[in-house]
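Chain by chain, the residues:
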Amino acid sequence: MTSSLFNNPPLAPKPVAAPAVAPLPPAPAAPVPSNLVPLTEDDVKRALPTHLRASVTPNLVQTLNQISADPIIAENIRDNFISYTAVLKEGKFKTEDYLSAVTYVSFKLMGHNNEDAYAKTFPTRYSALLAKGASKKDISAYVSAFARGKLVNLIMEQSLVPTWVLNQDIHQKAINQLATLMMNANSEKVQAEAAIGLLTHLKKPEMKAGFQINLNQSENSGMKDMREMLEKLADQQQSLIQGGQMKTIDVAGARLVNKEEVTDVE
């Protein structure tokens, strides 16, 4: 008896090899966006006091141009480098030390703490400290010594914003609150105190003592005599022109001579 074909197991399909796919080349690294124009040696020299211009080297300029891969941070540090050069007139500082101090202060102004600002200013130095196993206490000592340096603090002083400018919005809110109390407070005493406060803070600033030009001063006797003399001279010249004895061009070229300077020549 012939076995049925249905009793035979189905033929398994032959495996088909997947086509080889060539690996994709790695995507090129995105360039750091930057629209900063590189500074030249002349640019840096113009920003520094005269006695430090000779210390500007190509290496310093290159360091300043490559201070950070972040264009916003780089622009901020470069602007501060130019803005705070006045501190270099107060002592004998090296240009390289000034750049380091400006970089450190710039990171501090961005909100970084002392150690983070130090690490970002001196990445190689900070990495070396960690590599040799420096303790947290030792690192803090190095950071504190730099943060308390004279040059850093001179720059920090230059960067401070007056409190009345920094808190200008709060000042206006206080004035608005006083105005609200003056108009709506239940107590007459509170209303009066608010009104007095407004009058105090909104009064016109007083003129400071010093050199002033007073345009309302009465003329002294010398000025009066000169004015009368010039009026008399003008009347005489006008009469001479009308009488044909003098021309307008002669009047324009005439000189005033002090009688005391004129001497008779015999």
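Remember, predicted model here, so these are calculated numbers, not experimental data.

The rules behind these values
- Residues numbered from 1 in each chain as written.
- Predicted model: local features only at pLDDT ≥ 70, side-chain atom pairs only at ≥ 80, totals over all residues.
- Heavy atoms only, no water.
- Helix = DSSP H or I, 4+ residues; strand = E, 2+ residues; numbered from the N terminus.
- Expected span 1.5 Å × (residues − 1).
- Polar contact = N/O pair within 3.5 Å; in protein donor to acceptor, adjacent residues only side chain to side chain.
- Phe/Tyr/Trp six-rings, centres within 6.5 Å; stacked < 30°, edge-to-face > 60°.
- Buried < 20%, exposed > 50% of the residue type's maximum accessible area, 1.4 Å probe, protein only.
- Lys NZ or Arg CZ within 6 Å of the ring centre and 35° of its normal.
- Contact = heavy atoms within 4.5 Å.
- Core = buried A, V, L, I, M, F, W, Y, C linked by side-chain atoms within 4.5 Å.
- Axes fitted to C-alpha atoms, helices over the stretch in contact; angles between N-to-C directions.
- Parallel < 35°, antiparallel > 145°, perpendicular 65-115°, else oblique.
- Left-handed = near helix turned anticlockwise from the far one by under 90°.

Peer 1: Please clarify how helix α11 (residues 188-201) should be interpreted in this entry.
Peer 2: Each α-helix turn comprises 3.6 residues. Residues three or four places apart therefore point the same way. If you check α11, its first and last C-alpha atoms are 20 Å apart, about what 14 residues at 1.5 Å a residue would give, namely 20 Å. For α11, the capping residue at the N-terminal end is Ser 187, with a side-chain oxygen 3.2 Å from the backbone nitrogen of Lys 189.

Peer 1: How do you make sense of the packing of aromatic side chains when you look at a structure like this?
Peer 2: Two numbers describe a pair of aromatic rings. These are the distance of the centres and the angle of the planes. Under the defined criterion, the tally for this structure stands at 5 aromatic pairs. Look at Tyr 118 and Phe 146: their rings are 6.0 Å apart centre to centre, the planes differ by 70 degrees, and that puts the pair in the edge-to-face class. Within this pair, whereas Tyr 118 is found in helix α5 (residues 114-121), its partner Phe 146 is found in helix α7 (residues 136-147), the two being separated by 28 residues in sequence. Phe 146 shares its class with Tyr 118; the two are buried. Relative to Phe 146, the ring of Phe 122 lies with its centre 5.1 Å away and its plane at 90 degrees, an arrangement referred to as edge-to-face. Here Phe 146 lies in helix α7 and Phe 122 lies in the loop between α5 and α6 (123-131), a separation of 24 residues in the sequence. For the pair Phe 122 and Phe 146, one class covers both residues: buried. Ring pairing ties together the aromatic residues Tyr 104, Tyr 118, Phe 122 and Phe 146, which thus form one cluster. Residue placement shows Arg 125 over the ring face of Phe 122; its charged tip is 3.9 Å from the ring centre.

Peer 1: Looking at this structure, I do not really get the side chain of Thr 103. What am I missing?
Peer 2: Secondary-structure assignment places Thr 103 in helix α4 (residues 95-109). Residue Thr 103 is classed as buried on the basis of its relative accessible area of 3%. If near-sequence neighbours (up to four positions away) are discounted, Thr 103 is found in contact with Ile 67, Ile 77 and Thr 121.

Peer 1: Looking at this structure, I do not really get the nonpolar core. What am I missing?
Peer 2: For soluble globular proteins, the rule of thumb is that nonpolar side chains tend to be buried together. Grouped together as the largest cluster of nonpolar side chains are 37 residues, with contacts concentrated most on Val 44, Phe 81, Tyr 98, Tyr 104 and Ile 155. Of all the secondary structure elements, the ones that give two or more residues to this core are α2 (58-65), α3 (71-83), α4, α5, α6, α7 and α8 (150-159). No other element matches the 7 residues that α4 contributes to this core. Every residue in contact with Val 44, bar those within four places of it in the chain, is listed here: Leu 39, Val 56, Val 61, Leu 64 and Phe 81.

Peer 1: Would you mind going over the packing of α3 against α4 with me for this structure?
Peer 2: Relative placement of two packed helices is described by the angle separating their axes and the distance separating the axes. At their nearest, the axes of α3 and α4 sit 9 Å apart, and the two run at 125 degrees to each other. Taken together, the axes of α3 and α4 are oblique relative to one another. Of the two elements, α3 crosses α4, and the hand of that crossing is right-handed. Note on element contacts: α4 touches α3 through Tyr 98, Leu 99, Val 102, Thr 103, Ser 106 and Phe 107, opposite Ile 73, Asn 76, Ile 77, Asn 80 and Phe 81.

Peer 1: Teacher, can you tell me more about the environment of Asp 79 here?
Peer 2: Residue placement: Asp 79 occurs in helix α3. Take Asp 79: its relative accessible area is 41%, and that puts it in the partly exposed class.

Peer 1: Explanation requested: the side chain of Thr 95 in the structure shown.
Peer 2: Within the secondary structure layout, Thr 95 lies in helix α4. There is a polar contact of 2.6 Å between the side chain of Thr 95 and the side chain of Ser 55. Residues contacting Thr 95, with those up to four places away along its chain left out, are Leu 48, Leu 52, Ser 55 and Leu 60.

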